[in-house]
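Chain by chain, the residues:
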Amino acid sequence: PNSKGRDGKPRLLLMGQRRSGKSSIANVVFHKLPPSETLFLETTYRIKKESMHSFMDFQVWDLPGHLDYFDPAFDTDNIFDEIGALIWVIDAQDEYLDAIARLNLTILNLQHSYPNINIEVFVHKVDGLSDDFRGDTFRDIIQRVQDELSDNGYEQAPISFYQTSIYDHSIFEGFSKVIQKLIPQLPTLEALLNNLCAACNIEKAYLFDIMSKIYVATDTTPTDIGNYEICSDYIDVVVDVAEIYGYERENQTPEEELLEKGNGDAESLITMERKGARYLYLRELNKYLALVCIMGDDSPAEKKAIIDYNVGVFQAGLKKVFPKGDREAQVEIVATND
Ligand code: GDP
């Protein structure tokens, strides 16, 4: 119940020390900012709250660094009451003991008043670390947090750790996993995807939020980041093309929308393409979601009809899962500069 706010939107809070990478993450994932351009982002000096329209209707709140969110003057309840997950960003390239002390303090406070909030620790900027050092750093951070939790009797706290970087797909994978925990219909979506894979001999199927390239669900075979990368890169092609053929998107100008009037579901984009020894299949399911699948190259031409049919079945199932429309699950991100 506390994974959803008053308005039914599960919200995410993005926190961490100044310069840990919060604004970069928000801009790369939700605004498609090229990672190298985050070098020029300005530090936040006032509270910023912005909405990003995608399947989940994200909002980012960027709070300036001098605010102490446990200060009684600060409206803690208003911020923490409605969030489903707190993402804490730690700069793994920097001295991190202070960041961990701050995180531990926050977790202990949260465990006391809001024990159901998922705590998701992004050990971030790992692109700059050698493989060995990366693993050691990751384990050291986990150990330090868990020691503190057990010392205080909170071994059961819902906390997870991820290695992330804006320079590869790991930041999108991290967000995908965080968000999936906040979607109550996830088991149903996974079952629908499993059925689809079995019926069509599909290797891996992802349900993507098109704008952010976060995957909302995948079938339950083990996830391989390589497959995710291939599918996610394929989305970029489609978003371009969809400006001409696909569903209307939130960021369209009125002229663009006029041009598209009359495009119904029937004209949603469906493509299938060879990728090395395998095939990629993509279909837009609604304004926000696309299904992307990877499969072997056994007689794809004959299979296309079977796949189209079964994806139709999947789409009907999806409509039942989200009966009130495709924006049922909504996530809000609140970023603070610690
Ligand atoms: P914030 O104060 O927490 O919002 O941090 P910023 O988003 O302003 O990021 C601080 C600096 O970290 C910027 O120069 C970013 O380019 C850099 N940065 C952010 N994410 C990464 C990452 O994954 N890897 C590397 N190497 N640098 C990053």
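Parameters and conventions
Residues numbered from 1 in each chain as written. Predicted model: local features only at pLDDT ≥ 70, side-chain atom pairs only at ≥ 80, totals over all residues. Heavy atoms only, no water. Helix = DSSP H or I, 4+ residues; strand = E, 2+ residues; numbered from the N terminus. Buried < 20%, exposed > 50% of the residue type's maximum accessible area, 1.4 Å probe, protein only. Contact = heavy atoms within 4.5 Å. Areas by Shrake-Rupley, 256 points an atom, 1.4 Å probe, with all protein chains shown as cover. Pairing = 2+ DSSP bridges. Axes fitted to C-alpha atoms, helices over the stretch in contact; angles between N-to-C directions. Near = heavy atom within 4 Å. Polar contact = N/O pair within 3.5 Å; in protein donor to acceptor, adjacent residues only side chain to side chain. Nonpolar A, V, L, I, M, F, W, Y, C, P; charged D, E, K, R; others polar. Phe/Tyr/Trp six-rings, centres within 6.5 Å; stacked < 30°, edge-to-face > 60°. Left-handed = near helix turned anticlockwise from the far one by under 90°.

The protein appears in an unreviewed UniProt entry as Ras-related GTP-binding protein-like protein C from Macroventuria anomochaeta.

S.K.: Hey, could you run me through the overall build of the protein in this one?
M.R.: Of regular secondary structure, the protein possesses 9 helices and 12 strands. Taken across its 338 residues, the protein has 53% of its residues classed as buried. Intrachain contacts of the protein at a sequence separation of at least 6 include 71% that bridge at least 24 residues. A total of about 15,500 Å² of accessible surface is found on the protein, and carbon and sulfur atoms cover 50% of it.

S.K.: Before we go on, may I ask you to explain the sheet that holds strand β10 (residues 278-284) in this structure?
M.R.: The strands that make up a sheet are held in pairs by hydrogen bonds between backbone atoms, and each pair lies either parallel or antiparallel. Read across the sheet, 5 strands follow the order β8-β7-β11-β10-β9 without closing on themselves; strand pairing throughout is antiparallel. With one partner strand each, in any of the chains shown, β8 (215-218) and β9 (270-275) form the two edges of the open sheet. When strand polarity is set aside, the average angle formed by the axes of neighbouring strands in this sheet is 20°. Direction of pairing for β9 relative to β10: antiparallel, over a ladder of 6 bridges. When the bridges of β10 are listed, isoleucine 270 appears paired with arginine 283. Strand contacts of helix α6 (residues 186-200): β7 (202-209), β8 and β11 (289-295), with the helix running at about 55° to β8, the strand carrying the most contacts.

S.K.: Quick question: what am I supposed to make of the site of the ligand here?
M.R.: Contacts to the ligand come from 18 residues, most closely from Lys22, Ser23, Ser24, Thr38 and Asp127. Within the side chain of serine 23, a nitrogen or oxygen atom sits 2.6 Å from an oxygen atom of the ligand. Lysine 125 is positioned with one of its side-chain polar atoms (N or O) 2.9 Å from an oxygen atom of the ligand. Across the complex, the protein chains shield 92% of the 590 Å² of accessible surface that the ligand would expose by itself. Of the residues forming the shell around the ligand, the biggest block, 3 residues, is contributed by helix α1 (residues 22-31). A per-class count over the shell around the ligand returns 3 nonpolar, 10 polar and 5 charged.

S.K.: Mind showing me how you'd approach the packing of aromatic side chains here?
M.R.: Describing an aromatic ring pair means giving the distance of the ring centres and the angle of the ring planes. Scanning the entire structure with this criterion turns up 8 aromatic pairs. Seen in terms of ring centroids, tyrosine 206 and tyrosine 228 are 5.9 Å apart; in terms of plane orientation they differ by 65°. Their pairing is edge-to-face. Of this pair, tyrosine 206 sits in strand β7 while tyrosine 228 sits in helix α7 (residues 225-245), and the two are 22 residues apart along the sequence. In this structure, tyrosine 206 and tyrosine 228 share a single accessibility class: buried. Look at phenylalanine 208 and tyrosine 228: their rings are 5.7 Å apart centre to centre, the planes differ by 20°, and that puts the pair in the stacked class. On the criterion of sequence distance, the pair formed by phenylalanine 208 in strand β7 and tyrosine 228 in helix α7 is long-range, its members being 20 residues apart. Just as phenylalanine 208 is buried, tyrosine 228 falls in that class too. Chaining the aromatic ring pairs together yields one cluster made of Phe30, Phe122, Tyr162 and Phe175.

S.K.: Would you mind going over the packing of helix α3 (residues 97-113) against helix α4 (residues 131-151) with me for this structure?
M.R.: Between two packed helices, both the angle of their axes relative to each other and the distance between the axes serve to describe the pair. Running from N to C, α3 and α4 cross one another at 35°; their axes reach a closest spacing of 10 Å. For the element pair α3 and α4, the recorded crossing hand is right-handed. Seen from α3, the contacting residues are Leu97, Ile100, Leu103, Asn104, Ile107 and Leu108; seen from α4, they are Ile141, Arg144, Val145, Glu148 and Leu149.

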